[in-house]
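One letter stands for each residue in the lines below.
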Amino acid sequence: MFIPENDLERSLALATADPSRRAAFYRDFGQATVYFVLHGPPPAEPGPFTLARGAYLRIAPVKADGRSCLPVFASVKRLTAALKDADGCVGINALEFLKITRGAEVILNPGSGCAKIFSAGEIAEILDGAAAGGGRPADGG
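Let me begin by describing the structure that accompanies this report. Quick caveat, the model's predicted, so the values are computed rather than measured. (Residues numbered from 1 in each chain as written. Predicted model: local features only at pLDDT ≥ 70, side-chain atom pairs only at ≥ 80, totals over all residues. Heavy atoms only, no water.)

**A few points about the nonpolar core**
So, step 1. Formed by 28 residues in total, the largest nonpolar core has its most connected members in Phe 25, Phe 29, Val 34, Phe 97, Leu 108 and Phe 118.
So, step 2. Looking at this core, the elements that each hand over two or more residues are helix 1 (7–17), helix 2 (22–31), strand 1 (33–36), strand 3 (67–72), strand 4 (90–93), helix 4 (94–100), strand 5 (105–108) and helix 5 (120–128).
So, step 3. Sequence-distant contacts of Phe 25, defined by excluding residues within four places in its chain, comprise Leu 8, Ser 11, Leu 12, Ala 15, Leu 108, Lys 116 and Phe 118. (Core = buried A, V, L, I, M, F, W, Y, C linked by side-chain atoms within 4.5 Å. Buried < 20%, exposed > 50% of the residue type's maximum accessible area, 1.4 Å probe, protein only. Helix = DSSP H or I, 4+ residues; strand = E, 2+ residues; numbered from the N terminus. Contact = heavy atoms within 4.5 Å.)

**Details of the sheet that holds strand 5**
So, step 1. Overall, mixed pairing links the four strands, which are arranged 2-3-5-6 in an open sheet. The two strands at the open ends of the sheet, each matched to only one other strand, are strand 2 (62–64) and strand 6 (116–118). Averaged over all neighbouring strand pairs, the angle between strand axes comes to 45°, with direction disregarded.
So, step 2. Where strand 3 meets strand 5, four bridges bridge the pair, whose relative direction is parallel. (Pairing = 2+ DSSP bridges. Axes fitted to C-alpha atoms, helices over the stretch in contact; angles between N-to-C directions.)

Printed below as a string of structure tokens:
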């Protein structure tokens, strides 16, 4: 049984059970921090870092429903449970992650019992605000 660990996961569980909660989930997702593992060598120094303009993120995709998706997680605990051999992780605002990876499909919390696949079209709607309602980006900007 899936037990939500934070507000984002509670919002996802509610939206899964009740389609009328999807717009709220998209807004919550856009404001949340998500975590992922960089493919390749970890950053030289532990702790927070800023990506250089034009930096290339290498993220190993996972298969979900026969699709190749970039995995992100609602918490470090979910990430380490799903990717047991992961060496460090990166936290980023979900909306910024979607902007950086635009065009790719993304899966939130793969292997958790309550995962969400975002298609490239759905991501475009999130970024232009259509998915969150009101015709504004999910961050309100």
